[in-house]
Amino acid sequence: MHEHAGTPPKWTANGHVRADRAAQFMPFAALRGYYELLRQEARVPEPRHELTEEEAAALSQVMARVRKRQLVRVRYYDRDAYVEMTGCVSQVDLVARELWVVKTKIPLDAISDLEILEDA
């Protein structure tokens, strides 16, 4: 509740200070964590597949063209299953061998497929 300096607070009929009207319309996260749990439940654990020489060469060619702010679709192995995400590249770190898509750090060795959807 933010009252302007010098403005007296507004009172409700039962004698309580009235909260900012906009506060009642703020989003309520009753199911916090629920959607993340659903995403995790939707994961189907599967073993990791090694890339063939042809797949590795094709992936390497695409990786050489990836730049910051490009929109990409990446499929990678995360713990026990393959995950696919689409987003903008925020960082390419060849020394640490990591690709950052938005705020997700993806080890280059975990990537099985990479597609550049839109150049920056």
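Before any of the text, the structure's been laid out above.
What counts, and where the lines are drawn
Residues numbered from 1 in each chain as written. Predicted model: local features only at pLDDT ≥ 70, side-chain atom pairs only at ≥ 80, totals over all residues. Heavy atoms only, no water. Helix = DSSP H or I, 4+ residues; strand = E, 2+ residues; numbered from the N terminus. Buried < 20%, exposed > 50% of the residue type's maximum accessible area, 1.4 Å probe, protein only. Contact = heavy atoms within 4.5 Å. Areas by Shrake-Rupley, 256 points an atom, 1.4 Å probe, with all protein chains shown as cover. Salt bridge = Lys/Arg side-chain N within 4 Å of Asp/Glu carboxyl O. Expected span 1.5 Å × (residues − 1). Arc of directions from axis to C-beta.

### Brief notes about the overall build of the chain
Helix and strand content of the chain: two helices and five strands. Put simply, the chain runs from its N terminus to its C terminus through helices and strands in the order α-α-β-β-β-β-β. Expressed as a percentage of the 120 residues in the chain, the buried residues total 21%. For the chain, contacts bridging at least 24 residues in sequence account for 49% of all contacts bridging at least 6. A total accessible area of about 9,600 Å² is found for the chain, and carbon and sulfur atoms account for 54% of it.

### Remarks on the environment of Arg 65
Position of Arg 65 relative to the elements: it lies in helix H2 (residues 53–65). Taking the C-alpha atoms as reference, Arg 65 lies 8.5 Å from Ile 116; in sequence the two are 51 residues apart. The residues contacting Arg 65, other than those within four sequence positions of it, are Gln 70 and Ile 116.

### Examining the pattern of salt bridges
Here the structure, examined in full by the defined rule, presents five salt bridges. The salt bridge involving Asp 109 is made with Arg 97; its shortest N-O contact spans 2.8 Å. With Asp 109 in the loop between strand E4 (104–107) and strand E5 (111–118) and Arg 97 in the loop between strand E2 (81–93) and strand E3 (98–101), the pair connects residues that are twelve residues apart, well separated along the chain. Glu 98 is paired through a salt bridge with Lys 105; the nearest N and O atoms lie 3.8 Å apart. One network of salt bridges, with partners in common, ties together Arg 73, Glu 84 and Glu 115.

### Concerning H2
Between its first and last C-alpha, H2 extends 19 Å over 13 residues, near the 18 Å set by a 1.5 Å rise per residue. The complete set of buried residues in H2 reads Leu 59, Val 62 and Met 63. For H2, the buried positions fall inside an angular range of 100° around the axis, keeping them on one side. Facing away from the buried side of H2, by more than 90 degrees, are the exposed residues Glu 53, Glu 54, Gln 61, Ala 64 and Arg 65. Tucked into the core, H2 has its buried residues touching E2, E3 and E5.

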